[in-house]
Each structure stands twice: as structure tokens, then as C-alpha cells.
Amino acid sequence: MMRPCEKCLKNSWAFKVNDGVVHATCDNCGNSVEFKARDKAENKKEIRKKRFFQEGDKCGRRDRDCSGTLHWKEDNEITAKRLEKSYHYEKWLKCNKCGATFFDNKYKILHETDSNGSIRFRKAIN
Ligand SMILES: [Zn+2]
Ligand SMILES: [Zn+2]
């Protein structure tokens with residue numbers, strides 16, 4: 001829980017989260033403070049993800065001793081074959097040398113089928 005406001009000593013905060021940082025504004029006097037909301041485990045995961053999935057990164061397939069670099073690939077074509085699967089990716093990184101592919105859940109699109117059999121796309125992570 002949050003401490004009471006230093007200025008008016010009330011505990012009536014309104015919160016907003018922006019890129020992992022919590023901004024708290026006192027509803028009573030308008031005083032505002034911010035603090036990091038991420039816990040350590042989440043932070044670590046985020047760093048690893050960022051380091052791994054970036055255009056121009058080294059392939060990193062040590063088993064292949066690959067010196068290639070990663071580049072974004074995308075395929076937005078809607079085909080029956082794609083729709084039959086339960087998800088697809090908007091884009092992914094592909095090594096320009098060995099062809100290894102790297103997927104990030106950020107770009108994962110789930111296919112949701114309603115009772116009429118209609119499929120709608122929904123992002124796996126918002
Ligand atoms: Zn206040
Ligand atoms: Zn490679």
C-alpha cells in the first residue's frame with residue numbers, strides 16, 4: 001500500500017501506469033509522485049526480451065555458431081491455412097544467414113472463434 005500524501009496527509013491516490021512507471025496523483029491536493037512498479041523478476045525478463053529481439057542483433061544460435069544478424073519479417077496475408085491455426089505472429093525476426101526464426105509474444109495474435117464460427121484476431125499481450 002501507498003503512504004499518505006506528504007503534503008496533505010490524506011491517502012487518496014489516483015494511479016496511472018506508463019511504461020512500467022506508476023504515477024500517483026493525490027486526489028485531495030494534487031501532489032504527484034512517481035515510482036517504479038516493476039518487480040525484479042519482471043525487470044529481468046524485460047531486459048532479456050529486449051536484448052534478444054531487436055533488429056540487427058546477432059543470431060545467437062550457438063549450436064550453429066552463426067554470425068548472422070536478425071531482421072524483421074512479416075506476412076499479413078490472410079489465408080485459410082493461416083486462419084486454421086489458433087494464432088499467428090504479426091512479425092518475427094529471422095536470421096539472414098542460417099534462417100533461424102525468433103518469435104516474441106508481443107506480436108502474437110490469437111484467433112478466437114465465436115459460436116457462429118467467425119474468427120477474430122486478438123493480441124495475446126496488450
Ligand atoms: Zn495530498
Ligand atoms: Zn543464424
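Throughout, residues of each chain are indexed from 1 in the direction in which the sequence is written. Chains and ligands are labelled by the order in which they are written, letters from A for the one and numbers from 1 for the other. In keeping with the model being predicted, local features are shown solely for residues with a pLDDT of at least 70 and side-chain atom pairs are shown and tallied solely at 80 or more, while totals for entire chains, interfaces and linings include all residues.

Visitor: Which parts of the structure should I look at to understand the overall build of the protein chain?
Guide: Per the secondary structure count, the protein chain includes 2 helices and 9 strands. Think of it this way: any DSSP run of H or I at least four residues long counts as a helix, any run of E at least two long counts as a strand, and we number them from the N terminus. Scanning the protein chain from its N terminus toward the C terminus, one meets helices and strands in the order β-β-β-α-β-α-β-β-β-β-β. By the burial criterion, 6% of the 126 residues in the protein chain qualify as buried. Two residues qualify as being in contact provided that their C-beta atoms, derived from the backbone, are within 7 Å of each other. For the protein chain, restricting intrachain contacts to residue pairs at least 6 apart in sequence, the fraction spanning at least 24 positions comes to 27%. Remark: C-beta atoms are placed from the backbone, and a residue is labelled buried if 20 or more other C-beta atoms sit within 10 Å of its own, exposed if 12 or fewer do, or partly exposed between those counts.

Visitor: Which parts of the structure should I look at to understand the sheet that holds strand β4 (residues 70–74)?
Guide: Within a sheet, adjacent strands bond to each other through the backbone by hydrogen bonds, running parallel or antiparallel. Spatially, β4-β6-β7 is the arrangement adopted by the 3 strands of the open sheet, whose pairing is antiparallel. Strands at the two margins of the open sheet, each flanked by one partner only, are β4 and β7 (101–102). Pairing between β4 and strand β6 (residues 91–95): 5 bridges, direction antiparallel. Considered in β6, the bridge of L70 is made with C95. Here, strands pair whenever DSSP counts at least two bridges between them.

Visitor: Help me out: how do you make sense of the environment of F121 in this one?
Guide: Looking at the element boundaries, F121 is found in strand β9 (residues 119–123). Apart from the residues lying within four places of it in its own chain, the contact partners of F121 are I109 and H111.

Visitor: How should the sheet that holds strand β5 (residues 87–89) be read in this particular structure?
Guide: Ordered in space as β5-β8-β9, the 3 strands form an open sheet in which the pairing is antiparallel. In this open sheet, the two edge strands, each paired with only one partner strand, are β5 and β9. Averaged over all pairs of adjacent strands, the angle between strand axes in this sheet comes to 30°, irrespective of strand direction. Bridge count for strand β8 (residues 108–113) against β9 is 5 bridges, and the pairing is antiparallel. Whenever a helix is involved, its axis is fitted only over the stretch in contact; in every case the axis is a line through C-alpha atoms, and angles between N-to-C directions fall within 0 to 180 degrees.

Visitor: Even after reading the chapter, I still don't get the environment of H71, so can you show me in this structure?
Guide: Locating H71 in the fold gives a position in strand β4. C-alpha separation for the pair H71 and N96, spaced 25 residues apart in sequence, amounts to 7.0 Å.

Visitor: What's the story with the pairing of strand β2 (residues 21–26) in this structure? I'm lost.
Guide: It is a general feature of regular strands that their side chains alternate between the two faces of the sheet. Here 6 bridges tie strand β1 (residues 13–18) to β2, and the two strands are oriented antiparallel to one another. The residue of β2 that forms the bridge with F15 is A24. Count of turn residues in the β1/β2 antiparallel hairpin: 2 residues, of which D19 carries a positive phi of about 55°.

Visitor: Got a minute to help me understand the environment of L93 in this structure?
Guide: Checked against the element boundaries, L93 lands in strand β6. The exposure class of L93 is buried, given the 22 C-beta atoms found within 10 Å. Residues L93 and D57 lie 36 residues apart in sequence; the distance between their C-alpha atoms is 9.5 Å.

Visitor: Is there a simple way to think about the confidence of the model for the protein chain in this case?
Guide: Parts of the model with low pLDDT should not have their predicted coordinates read in detail. Values of pLDDT, the confidence the predictor places in each residue, fall between 0 and 100. Mean pLDDT over the protein chain stands at 81; residues scoring 70 or higher make up 81%. For the protein chain, per-element mean pLDDT is lowest for helix α1 (residues 40–52), which scores 49, and highest for β4, which scores 94. In this model, residues 46–50 is a region of pLDDT below 50 whose contacts with residues beyond four sequence positions or in other chains number 1 contact.

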